[in-house]
Every structure is written in structure tokens, then in C-alpha cells.
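Topology and contacts: notes
Listed here are the chains, written in short residue letters.
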Amino acid sequence: LAEIMTKLGVPDDKFGATCVLVDKLEKVPLEAIRPDFLALGLTDEVIDSLVEVLALKTVDELRVLLGDDSKALDHLTSLFAYAEAYGFSDWLVFDASVVRGLSYYTGVVFEAFDRSGEFRAIMGGGRYDKLLSTFGGQPLEAAGFGFGDAVIIELLKSKDLLPTFDASGVQVVVCAFSPELHGAAIEVASKLREAGGAVDLVLESKKPKWVLKHAARLAAEYAVIVAPDEWGQGNVRVKNMAEGEQADVPVGELAEWADGIFELRCAELRGAEPVLCCRLMALEEGAESRAAPSTGLVASRF
């Protein structure tokens, strides 16, 4: 957008204020803020041309205005090429009107939205190659983002995906009978976690009765006790918390046992449908030095 405004004759010292007004165009009609544009010294012709450019839908259309030597377009072209290589180019939607509110971006910026477009931006961020040097460090290419919990909560509610937190999410509680078996308990917990389980490992000196009550409080499905006799025989004692049944499971068969227990949960996670979309942008080289919002040129959906 910095290059666009330069082409249209918007003065550099009006870049930030103009970006603020551009950002408002998503919420209010042009005529409602045209006087604000005029107050900045922009003519009606420049204002109308700017709005027309912001409505462009493809990078090729923008290239007609900016030319082949545009660095911003080079960034966008590379972005779309990488997206094609990675197989998610179908999710990219060009948007010349995206404006980010911070001025330190030096490349791509993005905003994430729900796929239906029902909610405001969930998160936003971008590329900033000189941010660390601003605080006395060495220049380092970097990217990051921030997000708002309020929008995410509303999105999860709309998809019926917001957890109730009635249960802890822990599936298995693992406990060592004595400190000498802490290493064994850690090994058992690791095997279960590798199999996809949510495991709470208790390394405190607690009696089995306390461990079982703890597992019940967490609404865990199983409690695994690593005890001397069973461990000496190569087993662990497993209790089904719902049915009250207990059984010894060979340590060498824990992975197989866990696969059967956690298979349904993993399948559900693999089948979860993504619900976010994201916008990205390419910023003109050097534009980060302007005390103004950064501007976006691309939208991508996830």
C-alpha cells in the first residue's frame, strides 16, 4: 500500500493518517469519511483512485499500476509461489486493503479470520526483520503474531468446540510406589504419551489410595501404579477407573495397550476440521521507518 500511495501522489507525511482512514473503509462508507481524506490534502481524484485500487482482486491487476520492478509485488509473487509448492495456494485470496496497526513490519503481514467471515480478526502479525535491532540487538529476520482470546472463544462457541472444563482432560494417572521407581514411572508415562495419551505423572510420595482419589478427581480413565513386585516381573498395575477392574500389563506391551485405548481420541483429532482463515501482506522495503500502520495485500484461509 505504501507503493500504491506513492504512485497516486499521497505525501509521505500523510501515509500514516491515510492508512488509518483506509482501515475504516471496511466499517463505514467512503462518503462518510471523504471529508477526512480531503482534510489531509488528498484530492477527490486521488481518493477515488485509491479506493479503486483497494478493490483490485489479483496481483496481476496491481502490477499494471506498480510495474514489474515493485519489491512489494516480488514478495507477493514469491509468497504465492511458495503456497503453490506447499499445496495451499487455493486458500490464498488477494486483498489490497488490509492495514496492520503497527509500523515495524518489513515484509508479509497477516490477519486470521473464521472461514465463514462471521467474526472480526482473530489474530494478526507479520514479518519484521529490523525489530530486534531497534532494541539494541543484531538485525534478525523474524515473524510473529498476537491474538485475542475473546474472538477465539466466540468462534469455538459457534462451532460447538468450546471445552466445558468439567474434566481435566487427563486420561491416565501414573504413579511410582516409591522414589526408587521414579525412573520407571517416567518411562511408563513417556510410553503412554508417545502413544497419544494425556498423562499426569505423580512423583510425590503418595499412597495408592491417594493416587486413585486423585485420578477420580481428574476424571481420568485409568490409573497406572508402578509397584516393586509388578515391576520386578516386568508389569505395571492398571486400574479402569470407571469399571473398577484391575489388571497387570507387561511393560513391553504398554505401547500396544495404549494404542487401543487412545486410538479413538487420535482419530478424532486427525478428523478435526480447521476453522480459521488468515490474511498476509507484503510491505514496501523501508516502510517500517514511517510512523504509520503497516498495510496488507493478501488474504489466506486455513
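These figures come from a predicted structure and were not determined experimentally.

Burial analysis of strand 2 (residues 109-114) places 6 of its 6 residues in the buried class, which makes it a mostly covered element. Residues V109, E111 and F113 line one face of strand 2 and the alternating positions F110, A112 and D114 line the opposite face, and both faces are buried. Of the pairings in the sheet, the one linking strand 2 to strand 3 (residues 123-127) comprises 4 bridges and is antiparallel in character. Its bridge partner being in strand 3, V109 is matched across the sheet by G126.

Turning our eyes to something else, we now look at unusual backbone geometry. Phi is positive for D160, which is not a glycine, with a value near 55 degrees. With respect to the helices, strands and loops of the structure, D160 is situated in the loop between helix 8 (149-158) and strand 5 (172-176). Although it is not a glycine, A219 adopts a positive phi angle of roughly 60 degrees. Mapped onto the elements of the fold, A219 is located in the loop between helix 10 (208-217) and strand 7 (222-226).

Next up on the list: the environment of H182. Assignment of secondary structure puts H182 in helix 9 (residues 182-194). Using a relative accessible area of 22% as the deciding quantity, one classes H182 as partly exposed. For the pair formed by H182 and E204, sequence separation is 22 residues and the distance between their alpha carbons is 9.2 Å. Once residues within four sequence positions are removed from consideration, H182 is found in contact with A176 and L203.

Reading guide: rules and limits
Residues numbered from 1 in each chain as written. Predicted model: local features only at pLDDT ≥ 70, side-chain atom pairs only at ≥ 80, totals over all residues. Heavy atoms only, no water. Buried < 20%, exposed > 50% of the residue type's maximum accessible area, 1.4 Å probe, protein only. Helix = DSSP H or I, 4+ residues; strand = E, 2+ residues; numbered from the N terminus. Pairing = 2+ DSSP bridges. Contact = heavy atoms within 4.5 Å.

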